[in-house]
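Close look at the chain arrangement
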Amino acid sequence: MLRKLLPSLFALITTLLIVSSCSSKDEMTDDYDPARDYFTFANTGQFVTEHLALDLNVDFESSELRGFAMLSIRRIDADARELVLDTRDLTIKSAALLTADSSEPAEFRLGESHETLGTPLFIAVPDTAGERFDLMIEYNTSPKSTALQWLPPELTAGGRHPLMFSQSQAVHARSWVPLQDTPAIRITYEATVRTPESLLAVMSADNDPLTPRTGEYYFEMPQPIPSYLLAIAVGNLYFAPLGEDTGIYTEPELLDASVYEFADTQAMLEQAEAMYGPYEWGRYDLLILPPSFPYGGMENPRLSFITPSLLAGDRSLVSVIAHELAHSWSGNLVTNATWRDGWLNEGMTSYFESRLMEVIYDVKRVDEERVLMYRELLLDLERVPEHMQALAPRLDDTTSEDFQGGIHYSKGQLFLEFLEKSFGREKFDAFLTSYFQEFAFGTITTEQFLDYLEMNLLSEEGSPVTREQAEEWTYQAGLPDTVTIPSSENLDNAASLAAAWSGGEIDLADVSVEGWSPQTRIHFINSLPTDLSKEKLGELDSAWGLSETSNAEIGRTWFIQVATRRYTDAYEQMEAHLNRFGRGRLIAPVYGALASNGEDRELAQQMFERARSAYHPITAGWIESGLYEDD
Ligand SMILES: [Zn+2]
């Protein structure tokens, strides 16, 4: 996913969870198993799903999916007689066991619900079902499915058709399909999807750009994927090609702007292959969603889901595309075994992203992004409790789904940059290429990564890095001494100018911003001292048009300052920003800053209540916990 979600709010949530779970923490030390997925009910040690076939009707009237899921299952423990699946808010109508020569109704019951994990579905599997059987479940989803957002026409770009999309990562696939919802196992899938006739369905599968709009669509995903990569969207979607193997799906109103903004996607794909080996998934397309998509992007295989907030008009925010594409190797091809090992997905991908950006653009631009990343990491480290700061922290089902802010992204990237610097780029690239081959279509724990690293690099005669140094990164809080702090001449210059201007040494007119990247402007704004006068803020706002910016990241930076400093002259535009975007990163820190400036908590709540119907349930949940629960 992209990206460094909401450091402040998550830290608050995490703190609450940690405080409430402290008493039991010590007792649990002995039986804590780092390789176990604490976010699933599925008994994957006894049964393993190998294939999923879906047959779903998409009902916009009732905001429900209705139909069948058929799971092809292998019993790996011959004594096992009960299969446990993950569900959340699903209505299970019937279940049947199908073997080569029989079809029997299956006994099933739903267990007790858990806030994070949902509701286990227990299914009796008698001996007679044999080692391999199919399980057919008839079910429907609930309108409050945490994965699915049902947008009325007025919340789409075109305003004439409804639109629906899913977000399964991390534990939400279970709210639209009953299944073993854990990255520990992989499945292939196929699906028949029926929609209103005028709409198009797309999935994280073999989308055909030329498919006729019939209201009935068939998909196959022949490569095995973890359940969090199951994805679907339905809407008034059209396709435009970007290159031979790449293209864009979106509403017609956004098509031209998207084709312009993401024109470099084909080049990124070719460059990624040149660096780390073949792209294993066939086509690579982007789906540009309405503003309420909660993330920057989601790496659904073959079809990344992308926020329209990247449409800045100047290609300045496309590192998100590099990030989602890079996940085709780190994450989708080689997958973290559990969410505790999430840095193997996100840190590896952030590293890969910056390498791609260096080649497609230039190293100066990437250094700027590295500096901004490092600044956000330091903010995370101030807020996230120490025992959650390791790359591979101790997680259990009492941990918030997002527990580290952006630490596993940024600290993971810095760890890999340390390894690259120590062994040299050429050698480290060869290591990563063989890593992707070795673990392709598999899952991996932090410990397996460390063993592989040791076997291939650390154990060499005269290795510049020891296992202990590597483990400092994966298991210790904070940043080790071996970190290289990113730097950028452009941003250093911007920070000096910010100091000189705020100190009255120079006029704003002397700050020559011609040729400045959005990242440089962001750094200038972030470098302003806390006691800057409102007159000066106003001067900057009118000179740079900050309150009216079309660049979502500049807007985010500016409105955090506006809220923190109570610059009320721009509150109206700040609320417009909060209404315009639904991506958590862009809005949650603004709400957070407003609620914690000592005066405006109630105002923040009012603004949220006015805007919330347009937000995705995931985003609304994050903001709500920050606004109401940490009083
Ligand atoms: Zn990601």
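Bear in mind the structure is a predicted one, so any value in this text is a computation, not a measurement.

Counting through the fold element by element, threonine 568 comes out in the loop between α14 (552-564) and α15 (571-580). Put simply, threonine 568 and isoleucine 485 are 83 residues apart on the chain and 36 Å apart in space, counted from C-alpha to C-alpha.

Time to look at the sheet that holds strand β11 (residues 187-194). For sheets, the rule is that strands pair by backbone hydrogen bonds, running either parallel or antiparallel. With mixed pairing, seven strands are arranged side by side in an open sheet as β5-β4-β8-β2-β1-β11-β13. Only two strands of the sheet have a single partner each, and these edge strands are β5 (102-105) and β13 (216-225). The sheet shows a mean angle of 15° between the axes of neighbouring strands, taken without regard to direction. Here 12 bridges tie strand β1 (residues 47-59) to strand β2 (residues 64-75), and the two strands are oriented antiparallel to one another. Bridging from a neighbouring strand, valine 48 pairs with arginine 74 of β2.

Once that is clear, we can look at the side chain of threonine 557. Note that threonine 557 resides in helix α14. Threonine 557 gets classed as buried once you look at its relative accessible area, which sits at 5%. Within polar-contact distance, the side chain of threonine 557 engages the backbone oxygen of glutamate 553 at 2.9 Å. Not counting the four nearest positions on each side in its chain, threonine 557 is found in contact with Ile522, Ile525 and Asn526.

Right, let's get into the nonpolar core. Membership of the largest hydrophobic core comes to 150 residues, with the highest contact counts inside it found for Trp176, Tyr435 and Phe449. No other element matches helix α7 (residues 407-423), which puts eight residues into this core. Ala498, Leu546, Tyr591 and Ala620 belong to the second largest nonpolar core, which has 49 residues in total.

A few words on the packing of helix α8 (residues 425-438) against helix α9 (residues 446-458). Where α8 contacts α9, the axes come no closer than 11 Å and their chain directions differ by 130°. Taken together, the axes of α8 and α9 are oblique relative to one another. In this structure, α8 meets α9 at a crossing whose hand is right-handed. Contacts from Lys427, Phe428, Phe431, Ser434, Tyr435 and Glu438 in α8 reach Phe449, Tyr452, Leu453, Asn456 and Leu457 in α9. Here the residues of the contact of α8 with α9 sort into seven nonpolar, two polar and two charged.

It is worth spelling out the environment of isoleucine 360 at this point. With respect to the helices and strands, isoleucine 360 occurs in helix α5 (residues 342-360). A residue is classified by how much of its surface remains accessible, and isoleucine 360, at 22% relative accessible area, is partly exposed. Spatially, the C-alpha atom of isoleucine 360 lies 7.9 Å from that of glutamine 271, the residues being 89 residues apart in sequence. For isoleucine 360, the contacting residues outside a window of four places in its chain are Asp264, Ala267, Met268 and Gln271.

On to the packing of aromatic side chains, then. Inspection of every chain in the model, using the stated rule, returns 39 aromatic pairs. Pairing tyrosine 276 with phenylalanine 436 gives two aromatic rings, centres 5.8 Å apart and planes at 70°, and the pair type is edge-to-face. Of this pair, tyrosine 276 sits in helix α3 (residues 265-276) while phenylalanine 436 sits in helix α8, placing them 160 residues apart in sequence. In this structure, tyrosine 276 and phenylalanine 436 share a single accessibility class: buried. Taking the centre distance of 5.6 Å and the plane angle of 85° together, the rings of tyrosine 435 and phenylalanine 449 count as edge-to-face. With tyrosine 435 in helix α8 and phenylalanine 449 in helix α9, this pair connects stretches of sequence that are 14 residues apart. For the pair tyrosine 435 and phenylalanine 449, a shared accessibility class is recorded, and that class is buried. The ring of tyrosine 260 carries arginine 315 above its face, with NZ or CZ at 4.0 Å from the centroid.

This part takes up the pattern of salt bridges. A full pass over the atoms with the stated rule returns 33 salt bridges. Close ionic contact of glutamate 50 with arginine 74 constitutes a salt bridge, the shortest N to O distance being 2.7 Å. Here arginine 74 lies in strand β2 and glutamate 50 lies in strand β1, a separation of 24 residues in the sequence. For glutamate 50, a relative accessible area of 30% corresponds to the partly exposed category. A salt bridge links glutamate 50 to arginine 132; its shortest N-O distance comes to 2.7 Å. Of the two residues, glutamate 50 sits in strand β1 while arginine 132 sits in strand β8 (residues 132-140), which places them 82 residues apart along the sequence.

On to the sheet that holds strand β17 (residues 284-288), then. On the basis of which strands lie adjacent, the open sheet formed by five strands has the order β15-β16-β17-β19-β18 and mixed pairing. Among the strands making up the open sheet, the edge pair consists of β15 (238-241) and β18 (297-298). Relative to strand β19 (residues 303-306), β17 is paired through four bridges, and the arrangement is parallel. Along β19, the bridge assignment pairs leucine 287 with phenylalanine 305. The sheet contacts of helix α2 (residues 252-261) involve β15, β16 (246-250) and β17, and relative to β16 the element is tilted by about 150°. Relative to β17, helix α4 (residues 319-326) is tilted by about 130°, and along the sheet it contacts β17, β18 and β19.

Turning to the pairing of β11, a few remarks are in order. The buried count for β11 comes to six of eight residues, which makes it a mostly enclosed element. Across seven bridges, β1 lies against β11 in parallel orientation. What sits directly across from asparagine 57, in β11, is arginine 194. Examined bridge by bridge, β11 and β13 share seven bridges and lie antiparallel to one another.

Turning our eyes to something else, we now look at α2. For α2, the full list of buried residues reads Leu254, Leu255, Ser258 and Glu261. Seen end-on, α2 carries its buried residues on one side only, within an arc spanning 140°. In the core, the buried residues of α2 are packed alongside β15, β16 and β17.

Right, let's talk about the pairing of β17 for a bit. Burial within β17 is extensive, with five of its five residues counted as buried. What you see with β17 is no split at all: Tyr284, Leu286 and Ile288 on one side and Asp285 and Leu287 on the other are buried throughout. Summarising the sheet, β16 and β17 pair through four bridges and their orientation is parallel. Residue pairing across strands places isoleucine 248 opposite leucine 286, the latter belonging to β17.

Here we come to the confidence of the model for the protein. Close inspection of predicted coordinates is inappropriate in any region flagged by low pLDDT. Confidence in the prediction of the protein, expressed as mean pLDDT, is 93, and 94% of residues score 70 or more. Overall, residues 4-28 carries pLDDT values under 50, and its contacts beyond four positions in sequence, including any with other chains, amount to 48 contacts.

Okay, unusual backbone geometry next. Alanine 170 follows glutamine 169 through a cis peptide bond whose omega is 0°. Within the fold, alanine 170 resides in the loop between β10 (163-166) and β11. Unusually for a residue other than glycine, arginine 302 sits at a positive phi of about 70°. Looking at the secondary structure, you find arginine 302 in the loop between β18 and β19. Relative accessible area serves as the criterion here: at 12%, arginine 302 is assigned to the buried category. Of note, the phi angle at phenylalanine 441 is positive, near 55°, even though the residue is not glycine. Counting through the fold element by element, phenylalanine 441 comes out in the loop between α8 and β21 (442-444).

What counts as what
- Residues numbered from 1 in each chain as written.
- Predicted model: local features only at pLDDT ≥ 70, side-chain atom pairs only at ≥ 80, totals over all residues.
- Heavy atoms only, no water.
- Helix = DSSP H or I, 4+ residues; strand = E, 2+ residues; numbered from the N terminus.
- Pairing = 2+ DSSP bridges.
- Axes fitted to C-alpha atoms, helices over the stretch in contact; angles between N-to-C directions.
- Buried < 20%, exposed > 50% of the residue type's maximum accessible area, 1.4 Å probe, protein only.
- Polar contact = N/O pair within 3.5 Å; in protein donor to acceptor, adjacent residues only side chain to side chain.
- Contact = heavy atoms within 4.5 Å.
- Core = buried A, V, L, I, M, F, W, Y, C linked by side-chain atoms within 4.5 Å.
- Parallel < 35°, antiparallel > 145°, perpendicular 65-115°, else oblique.
- Left-handed = near helix turned anticlockwise from the far one by under 90°.
- Nonpolar A, V, L, I, M, F, W, Y, C, P; charged D, E, K, R; others polar.
- Phe/Tyr/Trp six-rings, centres within 6.5 Å; stacked < 30°, edge-to-face > 60°.
- Lys NZ or Arg CZ within 6 Å of the ring centre and 35° of its normal.
- Salt bridge = Lys/Arg side-chain N within 4 Å of Asp/Glu carboxyl O.
- Arc of directions from axis to C-beta.
- pLDDT = per-residue confidence, 0-100.

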